Amino acid sequence: MTTTGMNELEANLASLTARFRDAVSNASDARALDDVRVAFLGRSGAVTEVRKGIGKLPPPERPGAGKVINEAVQALEGELTAALARVERAALNASLEDTIDVTFPGPPANTGAIHPVRRVAIDVARYFTRHGFAVVLGPEIETDANNFDALNIPPDHPAREGLDSFYLRPDLVLRTHTSPMQVRSMRKHGPPIAIIVPGKAYRRDAIDARHLYMFHQVEGLMVGRGIHFGHLKGMLVGMLRDLFGPSADVRFRPSFFPFTEPSAEVDVKCPACAGTGVVQLRDANGSAEVQCRTCGGSGWIEIGGSGMVHPNVLRSVGYDPDAVTGWAFGCGLERIAMKRHDINDIRAFIENAPGFAEGLA
Ligand code: PHE
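Just so you know, these numbers come straight off a predicted model, no measurement behind them.

A.B. asks: How should the site of the ligand be read in this particular structure?
C.D. replies: Taken together, 14 residues are adjacent to the ligand, and His-177, Ser-179, Arg-203, Gln-217 and Gly-330 come closest. In the model, an oxygen atom of the ligand is placed 2.8 Å from a nitrogen or oxygen of the Arg-203 side chain. Expressed as a share of its isolated accessible area of 330 Å², the protein-covered part of the ligand is 91%. When atom positions are compared with the pocket grids, the ligand is found to occupy the largest pocket. Listed by contribution, the elements that provide at least two residues to the shell around the ligand are strand 6 (214–224), strand 11 (300–309) and strand 12 (325–332). Partitioned by chemical class, the residues of the shell around the ligand number four nonpolar, eight polar and two charged.

Right under this line is the structure:
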């Protein structure tokens with residue numbers, strides 16, 4: 001049924017298809033494929049050229065030829081669409097390969113760590129429980145009477161000023177130290193008594209490198225027959241060497257607290273300046289020696305206060321000062337953590353920088 005003309009048209013179509021496939025496989029992006037589309041399927045493209053052959057056919061064969069060409073065009077359009085999807089996928093993959101190395105190890109996950117202040121509290125508690133002490137906790141809102149009166153702090157003492165302490169009512173204060181727990185514990189137990197009290201304390205201090213308005217202390221108290229200052233010194237030096245290692249430099253400095261007599265301040269050598277009181281500041285203009293911010297230039301950091309429990313305190317809780325004696329101390333936990341980790345600004349503890357505790361763990 002086919003004529004020479006029809007054969008020729010089909011041959012043209014076959015050669016066109018072969019060239020089309022060549023061109024498609026050489027096109028590496030969407031633009032090149034569009035050029036192929038225009039060259040073959042466009043209004044003045046190769047297919048239009050073949051279509052012109054229809055007019056040369058005998059009229060009865062023309063519809064058949066038209067159908068063959070239309071089917072061929074449909075097939076070519078399908079191939080073009082598939083090729084377009086292929087190059088677009090390839091382009092996407094290439095762009096991902098440029099930016100993402102899927103074999104690169106990810107950043108380590110933040111696992112969290114115990115806060116350095118709590119770590120100190122735990123370690124202090126371990127040391128004292130090993131020596132037979134009990135750990136007790138008390139309220140942060142305290143009566144004015146427990147926080148001051150029972151501790152032999154007279155009504156005209158500056159700590160009782162609203163400017164120095166946070167009062168909730170004239171008779172209720174955010175405890176300014178953990179010492180009121182000496183009073184609560186002795187009223188409840190003993191003598192003899194041996195306790196430590198970790199917890200929060202509050203003072204109206206302006207925040208700087210060494211002060212926060214809320215900080216942590218641990219109180220220690222031991223009362224019984226024949227307890228003397230040597231026991232205090234032995235337990236505190238033991239605690240500080242347990243925390244900092246056997247070569248820690250510890251200093252007892254005569255001091256005053258209304259609730260102890262005699263009293264001593266306990267200091268450790270400053271971590272930031274190694275006890276010299278000065279640090280080197282370096283910037284673009286050179287280097288200069290400036291006073292150490294961490295210790296205020298003294299070379300030592302006050303870890304806390306201590307002393308022999310004042311007879312008036314023993315009396316206020318119903319103990320007989322002629323029968324028993326005792327020692328007490330109160331240490332700042334932040335100060336200990338600073339010395340331990342060489343942190344020279346106390347504000348780091350409450351800034352919650354990501355990774356802060358993990359970095360010290
Ligand atoms: N309570 C005192 C303070 O906060 C510390 C201290 C406790 C001193 C026990 C002596 C005895 O500074």
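A.B. asks: Help me understand the side chain of Thr-176 in this model?
C.D. replies: Considering the arrangement of structural elements, one finds Thr-176 in the loop between strand 4 (172–174) and helix 7 (180–188). Engagement of the side chain of Thr-176 in a polar contact is seen with the side chain of Asn-147, the distance being 3.0 Å.

A.B. asks: Help me out: how do you make sense of a nonpolar patch on the surface in this one?
C.D. replies: A cluster of nonpolar side chains, namely Leu-92, Leu-96, Ile-100 and Val-102, defines an oily patch on the protein surface of about 410 Å² accessible area. Along the polypeptide, Leu-96 turns up in helix 4 (residues 62–99).

A.B. asks: So what exactly am I meant to see when it comes to the pairing of strand 10 (residues 286–291) here?
C.D. replies: Looking along a regular strand, one sees the side chains alternate between the two faces of the sheet. Where strand 9 (residues 278–283) lies against strand 10, six bridges are found, and the strand directions are antiparallel. Residue pairing in the sheet places Leu-281 in a bridge with Ala-288 of strand 10. Counting the residues in the hairpin turn of strand 9 and strand 10 gives two residues.

A.B. asks: What is the right way to read the packing of aromatic side chains from this model?
C.D. replies: Note on aromatic pairs: each is described by the distance of the centres and the angle between the planes. Applying the stated rule across the entire model yields nine aromatic pairs. Taken together, a centroid distance of 5.4 Å and an interplanar angle of 85 degrees make the contact between Phe-20 and Phe-40 edge-to-face. Of this pair, Phe-20 sits in helix 1 (residues 4–26) while Phe-40 sits in helix 2 (residues 30–41); the two residues are 20 residues apart in sequence, bridging distant segments of the chain. You can call Phe-20 buried: its relative accessible area is 0%. A relative accessible area of 8% means that Phe-40 is categorised as buried. Between Phe-128 and Phe-133 the ring centres are 4.9 Å apart and the planes differ by 70 degrees, which places this aromatic pair in the edge-to-face class.

Conventions we followed
Residues numbered from 1 in each chain as written. Predicted model: local features only at pLDDT ≥ 70, side-chain atom pairs only at ≥ 80, totals over all residues. Heavy atoms only, no water. Near = heavy atom within 4 Å. Polar contact = N/O pair within 3.5 Å; in protein donor to acceptor, adjacent residues only side chain to side chain. Areas by Shrake-Rupley, 256 points an atom, 1.4 Å probe, with all protein chains shown as cover. 1 Å grid on protein atoms, 1.4 Å probe; cavity = no way out; pocket = protein on both sides within 12 Å on 5 of 7 lines; lining within 4 Å. Sits in = over half its atoms within 2 Å of the grid points. Helix = DSSP H or I, 4+ residues; strand = E, 2+ residues; numbered from the N terminus. Nonpolar A, V, L, I, M, F, W, Y, C, P; charged D, E, K, R; others polar. Patch = residues over 30% accessible without salt bridge, like charges linked within 9 Å, V, L, I, M, F, W, Y side chains within 5 Å. Salt bridge = Lys/Arg side-chain N within 4 Å of Asp/Glu carboxyl O. Pairing = 2+ DSSP bridges. Phe/Tyr/Trp six-rings, centres within 6.5 Å; stacked < 30°, edge-to-face > 60°. Buried < 20%, exposed > 50% of the residue type's maximum accessible area, 1.4 Å probe, protein only.

Bear in mind that shape data such as this cannot, by itself, settle questions of function.
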